[in-house]
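Here is how the chains run, residue by residue.
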4 protein chains.
Amino acid sequence: MINVRTDLAIEAREMYIKKHSKDIDGVVIEEEQDGDIKFTTVKVKNEEGAKKLGKSIGNYITIDIPEFTIYDGEIMDEVSKVLSKVVKRLIHVNEEKTALVVGLGNWQVTPDALGPKVTEKIMVTRHLQVVMPEAIDDSVRPVCAIAPGVLGVTGIETGEVIKSLVDKVKPDLVICIDALASRRVERLNRTIQISDTGISPGAGVGNNRKEISEKSLGVKVIAIGVPTVVDAATIANDSIDLVIDELISQVSSGKEFYNMLKDIDKNEKVALIKEVLCAHVGDLIVAPKDVDMIIDSLSKIIANGINMSLQPNMDMEDINKFIG
Amino acid sequence: MINVRTDLAIEAREMYIKKHSKDIDGVVIEEEQDGDIKFTTVKVKNEEGAKKLGKSIGNYITIDIPEFTIYDGEIMDEVSKVLSKVVKRLIHVNEEKTALVVGLGNWQVTPDALGPKVTEKIMVTRHLQVVMPEAIDDSVRPVCAIAPGVLGVTGIETGEVIKSLVDKVKPDLVICIDALASRRVERLNRTIQISDTGISPGAGVGNNRKEISEKSLGVKVIAIGVPTVVDAATIANDSIDLVIDELISQVSSGKEFYNMLKDIDKNEKVALIKEVLCAHVGDLIVAPKDVDMIIDSLSKIIANGINMSLQPNMDMEDINKFIG
Amino acid sequence: MINVRTDLAIEAREMYIKKHSKDIDGVVIEEEQDGDIKFTTVKVKNEEGAKKLGKSIGNYITIDIPEFTIYDGEIMDEVSKVLSKVVKRLIHVNEEKTALVVGLGNWQVTPDALGPKVTEKIMVTRHLQVVMPEAIDDSVRPVCAIAPGVLGVTGIETGEVIKSLVDKVKPDLVICIDALASRRVERLNRTIQISDTGISPGAGVGNNRKEISEKSLGVKVIAIGVPTVVDAATIANDSIDLVIDELISQVSSGKEFYNMLKDIDKNEKVALIKEVLCAHVGDLIVAPKDVDMIIDSLSKIIANGINMSLQPNMDMEDINKFIG
Amino acid sequence: MINVRTDLAIEAREMYIKKHSKDIDGVVIEEEQDGDIKFTTVKVKNEEGAKKLGKSIGNYITIDIPEFTIYDGEIMDEVSKVLSKVVKRLIHVNEEKTALVVGLGNWQVTPDALGPKVTEKIMVTRHLQVVMPEAIDDSVRPVCAIAPGVLGVTGIETGEVIKSLVDKVKPDLVICIDALASRRVERLNRTIQISDTGISPGAGVGNNRKEISEKSLGVKVIAIGVPTVVDAATIANDSIDLVIDELISQVSSGKEFYNMLKDIDKNEKVALIKEVLCAHVGDLIVAPKDVDMIIDSLSKIIANGINMSLQPNMDMEDINKFIG
């Protein structure tokens, strides 16, 4: 079947409301504004909410990235600051000392390279106490970062690599960055989701994700993601749905006809989509032409946000000097 | 309106036949097989055929690339050999001495980088008579190669750059390589079209192409192209058409309803597609996940084919030594 | 023989003074400071100065890039501003309307990719009057940009490509960016030279440069360059010279021995260097490990400087919006 | 002090013989030829030999890569076949089932990217028994591959990452690929060293290597390396040595002078080298201009060689189909 999952809690809620025409019990929404940047928190408060939303209990914050952000260094910095503020809310910066930043995804596939590209820009400090102790004092938090690759390239389940590293490095906090799948084209590269629930098995660009969570790793896991692709099947599926919706809305009279449309929906949709996309269904992705530049800018925004949240005693200038 | 153009003559013919349920006068088809490789010639013989097909008078040869070719060096070489044979048919290798190979497209946008990547692998010899005359004899044809960039990046119309170079270098033959747009997902990266008509204004990945032809340049122009993207609007459009076709086929009875569907087709389709794809319509492309690797392999196949056709006195081994 | 040329006028003067123990008549030096940035003008005033310095009559301004600049966005902007100020002094911004920016060098060879990387970041506007006239008014200067490749890759002399484009596009001003060769390791990536004399035949990373100047093109040519490599032969040569200097300074007594050292200098040095570097002499370059990141930062600094000097009616924010 | 270490056993032996004018007891040399490819085995048989050579007890096989190999697909395949033969000699292919291939080095620094680039081309199969068991039978050996990054980028000692993975994945065999440092320019990219002793702490491009060996990991470790850089200090140092050798050979008479030269050698050499290379001593590397292309070709040769040695039941064609 065509995958209609979304990695975004805010989108899952929208889809629920659209389908059931009512909100979900046990799910609370809160909207905030910081300067020009809007962000929304979806709180999943109990098991019932979790089940209906299809998302674990916890907090999901969605930052809206203003249009044209990636062309404007100042707005990029603003988004980074909001991101750092949101991350700081979710972690206990004084207690959780050592942080491991994990860039999920395949850096050879541009829209899936977001995670690896963020790790490249993380201010890595864990080794400095050994290599250059004089340059470092207690105010610098030990941070390490790795991009473990994807199963198809390494032959090792990503979760296994992370679990073995966590057992060895013993961080107090894991931050995962990942490219997500969205259901809606207008969210493409325009939304950052931060959650304190880790990553649950499911969609994403790389499909076969295993759980990466406090439960599986034994330490707190913050997940940061951006929807960078919509799959071609989603485009086809949405187009078909829209036509059928349109038709149904127009022919409100004939009950018989209504049923026929329902039947098409059920029986023929997948076949129609396969006809549009031929055999390659799963391997085609929809992305903007200038996806390389966009992923670069997004990775800067996210890396800066993480760096600021993990090093509260340093300003951006100090951080930049370190990264150099 | 949604662009339903195709750069492939063979596809334009299919679309004509589908619509008019008959073949085009003045257009002749010829199918051939060379080992495992099938190739088809579309000959546009007169103005009537040209007008109906929407393609200039001349020859359009389409080589089918077998599945999995890009993972198999031997089949890649086979396709290169068929390509070189086809190119040799279209040029007069003994009369047309100096060749200029032009890689159209933007090397920063992966699926549009085919042309620039081919030029990198062309055996360039024009300068050797000056730089190292002892290494070169009359059997080596002078070849030069350039990737002139795209209008949005250079501010200069590609046709202007090529025209000024042709006036300066005075080649006897220009070979242009370009990424094309296809109407059908199953042709994506699986077809090479070679034509002796040059490039006519229109679609392509980069949209705003000016004519590059014997008429505009004053020398013979061979165009080689591969469809590397399908635009997202095509996917949406096709999905909608399929649903409507399906519905029409099912409700062959009610005339009134049929007309309603026709009306939707006309009035609402574009709006529906915009709803699927939001504002970004034109900037979204559909491509395979591993597009980087595919473009690399295709550029090797095409560059080798061109090298063999331009240097008939050398075998592939000699050519490889030169390129090094 | 080992190449001891330098592309930097300031270095040529140092070498002259070292050798002749006096300054050059007809060459005037002027040092200035702008904030933290020091820059030095070498004015070659007459033929005698030109001959002795080995540089054409004209102005050569050298901007010193402060240490760690490439890790600090603010200092990068400061250097860009000084560069734009220097360029504005050399051009007549009100009279010279259309500008063509040319990125010399080979983008596949990292330290030689400076020029092509700058052109990617130039605010290109020449085509906008046609494509989107409403977005553009008279205050925006028409700018176009091209990276013509190098002889070994294209088979066409770079000067030929530029000449043919200048004849076609008819700019009022050409700005060339090139990677230079330095004689001194400490200038590597730490100096920008701007001159109004164009580029004279000679050194550079790509060795076989033809003249690109007002004389050859018929329009004013500004050349901007950064030394990005020192060749391995220079390192070997300098090492040998230093030992010999050291020995000579120590054995000030024995005249006979002194002469022997002189003989070594003359006869054996090249053979010794060949022994160190074996056959590959010319193809080895010395560069910092993180050369990719350095070239990226330098290209941003230079592109921003050029953009500001060519668009005096726009501030950096406006420019960034355009480039996006 | 200037680093005069070499990672190549064959070079260490040459240096020993040059210095002591005699061969090393406990070290045996064996030369072989396979078609056009020469390869040499250095066997370190006991502790005395190990101490004098500065290399652990074990086998070091050096394959000479013929000139122009990287431009010739056929010779590349020949070298891959010799490499696979050599690796097969060192492993017990029937007993050691699961193999972990580790690409050491930093893929952002071209000459250090050899290891990561090899892992990209390894035929990874370990996950297939789960993902697609029908495509796999017992004749396919489980192989996984990872590029763990370097300490400066991850903040985690490479040895720690590998140790934690080995504890998790429990391979029977680890194959490490690394870029090496050579003392001699003519070995640059022209030699592959394969050893069964793992990697000992020391030189390499990335300097701070920890031991990666059967002792540290608990499983057999095969190390494969190619010298891809010579540091600039080596060039300077060799030049100085050559001048002094030359001088000494010429003035065989004066004993006093001889001693003076010896003093220079001892006291001033490092200062002289610093003067040549200024402050940046350690960060400058000497590499060929076309290093990107060379590393690409070398990574193909090595990956193919490893693939053939690990999958003795498959020929190169089968392997290529899998990798696709």
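Residues numbered from 1 in each chain as written. Chains lettered and ligands numbered in written order. Predicted model: local features only at pLDDT ≥ 70, side-chain atom pairs only at ≥ 80, totals over all residues. Heavy atoms only, no water.

1. Quick word on the overall build of chain A
Then step 1. In terms of regular secondary structure, chain A is built from 13 helices and nine strands.
Then step 2. In chain A, which comprises 324 residues, the proportion classed as buried is 58%.
Then step 3. Carbon and sulfur atoms form 49% of the exposed surface of chain A, whose accessible area is close to 13,300 Å². (Helix = DSSP H or I, 4+ residues; strand = E, 2+ residues; numbered from the N terminus. Buried < 20%, exposed > 50% of the residue type's maximum accessible area, 1.4 Å probe, protein only. Areas by Shrake-Rupley, 256 points an atom, 1.4 Å probe, with all protein chains shown as cover.)

2. Here we look at the side chain of serine 84 of chain C
Residues and elements named next belong to chain C.
Then step 1. Along the chain, serine 84 falls in helix 3 (residues 73-90).
Then step 2. Here serine 84 falls in the buried class, since its relative accessible area comes to 5%.
Then step 3. Ignoring sequence-local partners within four residues, the contact set of serine 84 consists of Gly305, Met308 and Ser309. (Contact = heavy atoms within 4.5 Å.)

3. Overview of the pattern of salt bridges
Then step 1. With the rule as written, the count across this model stands at 50 salt bridges over all chains.
Then step 2. The shortest N-O distance in the salt bridge between aspartate 296 of chain C and lysine 117 of chain C comes to 3.0 Å. Highlighted residues: aspartate 296 of chain C in helix 11 (residues 291-310) and lysine 117 of chain C in helix 4 (residues 114-120), separated in sequence by 179 residues.
Then step 3. Take lysine 117 of chain C: its relative accessible area is 23%, and that puts it in the partly exposed class.
Then step 4. In this structure, a network of salt bridges that share partners links the residues Glu11, Glu14, Arg184, Glu186 and Arg187 of chain A. (Salt bridge = Lys/Arg side-chain N within 4 Å of Asp/Glu carboxyl O.)

4. Examining unusual backbone geometry
Then step 1. Phi is positive for phenylalanine 68 of chain A, close to 70°, though the residue is something other than glycine.
Then step 2. Its place among the elements puts phenylalanine 68 of chain A in the loop between strand 3 (58-64) and helix 3 (73-90).

5. A look at the packing of helix 7 (residues 158-169) of chain A against helix 7 (residues 158-169) of chain D
Then step 1. Where helix 7 of chain A contacts helix 7 of chain D, the two axes come as close as 9 Å, and the packing angle between them is 115°. The crossing of helix 7 of chain A and helix 7 of chain D is right-handed. Between helix 7 of chain A and helix 7 of chain D, the residues in contact are Glu160, Val161, Lys163, Ser164, Leu165 and Lys168 of chain A and Glu160, Val161, Lys163, Ser164, Leu165 and Lys168 of chain D, respectively.
Then step 2. Partitioning the contact of helix 7 of chain A with helix 7 of chain D into residue classes produces four nonpolar, two polar and six charged. (Axes fitted to C-alpha atoms, helices over the stretch in contact; angles between N-to-C directions. Left-handed = near helix turned anticlockwise from the far one by under 90°. Nonpolar A, V, L, I, M, F, W, Y, C, P; charged D, E, K, R; others polar.)

6. Notes on the environment of isoleucine 235 of chain C
Then step 1. Its location among the elements puts isoleucine 235 of chain C in helix 9 (residues 232-250).
Then step 2. With a relative accessible area of 1%, isoleucine 235 of chain C lands in the buried category.
Then step 3. The sequence separation of isoleucine 235 of chain C and arginine 184 of chain C amounts to 51 residues, and the corresponding C-alpha distance is 8.9 Å.
Then step 4. Contacts of isoleucine 235 of chain C, omitting those with residues within four sequence positions, involve Val185, Val230 and Val286 of chain C together with Ala232, Ile235, Ala236, Val276 and Leu277 of chain D.

7. Points about the environment of aspartate 137 of chain A
Then step 1. By the secondary structure assignment, aspartate 137 of chain A is in the loop between helix 5 (128-131) and strand 5 (143-146).
Then step 2. On a C-alpha basis, the gap between aspartate 137 of chain A and aspartate 231 of chain A in space is 47 Å, while along the polypeptide they are 94 residues apart.

8. Side note on helix 3 (residues 73-90) of chain B
Three or four residues apart is the spacing at which side chains of an α-helix point the same way, because the helix has 3.6 residues per turn.
Residue and element names in this part refer to chain B.
Then step 1. Taking 1.5 Å of rise per residue, 18 residues should cover 26 Å, and helix 3 covers 26 Å from first to last C-alpha, within 8% of that figure.
Then step 2. All buried positions along helix 3 are accounted for by Met76, Val79, Ser80, Val82, Leu83, Ser84, Val86, Val87 and Leu90.
Then step 3. Buried-residue contacts for helix 3 involve strand 1 (27-34), strand 2 (37-44), strand 3 (58-64), strand 7 (191-195), strand 8 (220-231) and helix 11 (291-310). (Expected span 1.5 Å × (residues − 1).)

9. Some remarks on the packing of helix 3 of chain B against helix 11 of chain B
When two helices pack together, their arrangement is given by the angle between their axes and by how far apart the axes lie.
Residues and elements named next belong to chain B.
Then step 1. For the pair helix 3 and helix 11, the least separation of the axes is 7 Å and the interaxial angle reads 45°. As far as their axial angle goes, helix 11 and helix 3 are oblique. Our pair here, helix 3 against helix 11, has a crossing hand that is right-handed. The segment helix 3 lies against helix 11, with Met76, Asp77, Val79, Ser80, Lys81, Leu83, Ser84, Val87 and Lys88 engaging Ser297, Lys300, Ile301, Ile302, Asn304, Gly305, Met308 and Ser309.
Then step 2. Grouping the amino acids of the contact of helix 3 with helix 11 by side-chain chemistry returns seven nonpolar, six polar and four charged. (Parallel < 35°, antiparallel > 145°, perpendicular 65-115°, else oblique.)

10. A closer look at the pairing of strand 9 (residues 284-288) of chain A
Then step 1. Counting buried residues along strand 9 of chain A, five of its five residues qualify, which places the element largely inside the surrounding structure.
Then step 2. Residue alternation in strand 9 of chain A divides its side chains into two sets, Leu284, Val286 and Pro288 of chain A and Ile285 and Ala287 of chain A, and both sets are buried.
Then step 3. Inspection of the sheet shows strand 8 (residues 220-231) of chain A paired to strand 9 of chain A by two bridges, in the antiparallel sense. Looking at strand 9 of chain A, one finds that valine 230 of chain A is bridged to valine 286 of chain A.
Then step 4. Where strand 9 of chain A and strand 9 (residues 284-288) of chain B come together, five bridges link them in antiparallel fashion. The residue of strand 9 of chain B that forms the bridge with isoleucine 285 of chain A is alanine 287 of chain B. (Pairing = 2+ DSSP bridges.)

11. Quick notes on the environment of lysine 19 of chain B
Then step 1. Of note, lysine 19 of chain B is situated in helix 1 (residues 9-20).
Then step 2. Residues lysine 19 of chain B and glutamine 108 of chain B, spaced 89 residues apart in sequence, show a C-alpha to C-alpha distance of 37 Å.

12. What to know about the packing of aromatic side chains
Think of a pair of aromatic rings as described by two things: how far the centres are apart, and how the planes are tilted against each other in angle.
Then step 1. In this structure the tally under the stated criterion is two aromatic pairs over all chains.
Then step 2. A ring pair is formed by tryptophan 107 of chain A and tryptophan 107 of chain D, whose centres lie 4.3 Å apart and whose planes are at 5°; its orientation type is stacked. Of this pair, tryptophan 107 of chain A sits in the loop between strand 4 (99-103) and helix 4 (114-120) while tryptophan 107 of chain D sits in the loop between strand 4 (99-103) and helix 4 (114-120), on two different chains. (Phe/Tyr/Trp six-rings, centres within 6.5 Å; stacked < 30°, edge-to-face > 60°.)

13. Things to note about the side chain of threonine 119 of chain D
Then step 1. Along the chain, the position of threonine 119 of chain D falls in helix 4.
Then step 2. By relative accessible area, which is 6% here, threonine 119 of chain D ends up buried.

14. What about helix 7 of chain A?
Residue and element names in this part refer to chain A.
Then step 1. With 12 residues, helix 7 extends 16 Å from end C-alpha to end C-alpha; this agrees with the ideal 16 Å at 1.5 Å per step.
Then step 2. Inspection of helix 7 places Thr158, Gly159, Val161, Ile162, Ser164, Leu165, Val166 and Val169 among the buried residues, and these make up the whole buried set.
Then step 3. Just past helix 7, the residue lysine 170 takes up positive phi, approximately 50°.

15. Some details on the pairing of strand 6 (residues 173-181) of chain D
All names here are of chain D.
Then step 1. For strand 6, a buried count of nine out of nine residues is recorded, marking the element as mostly surrounded by other parts of the structure.
Then step 2. Burial of strand 6 is two-sided: the residues Leu173, Ile175, Ile177, Ala179 and Ala181 facing one way and the residues Val174, Cys176, Asp178 and Leu180 facing the other way are all buried.
Then step 3. Here strand 4 pairs with strand 6 via five bridges, running parallel. Residue pairing in the sheet places valine 102 in a bridge with cysteine 176 of strand 6.
Then step 4. By the bridge criterion, nine bridges tie strand 6 to strand 8 (residues 220-231) in an arrangement that is parallel. Directly across from alanine 181, in strand 8, lies its bridge partner valine 229.

16. Notes on the state of the cysteines
Residues and elements named next belong to chain A.
Then step 1. Throughout the structure, instances matching the rule amount to zero disulfides over all chains.
Then step 2. Left unpaired, cysteine 176 is separated from the closest cysteine sulfur, that of cysteine 144, by 12 Å.
Then step 3. You can call cysteine 176 buried: its relative accessible area is 0%. (Disulfide = S-S within 2.5 Å.)

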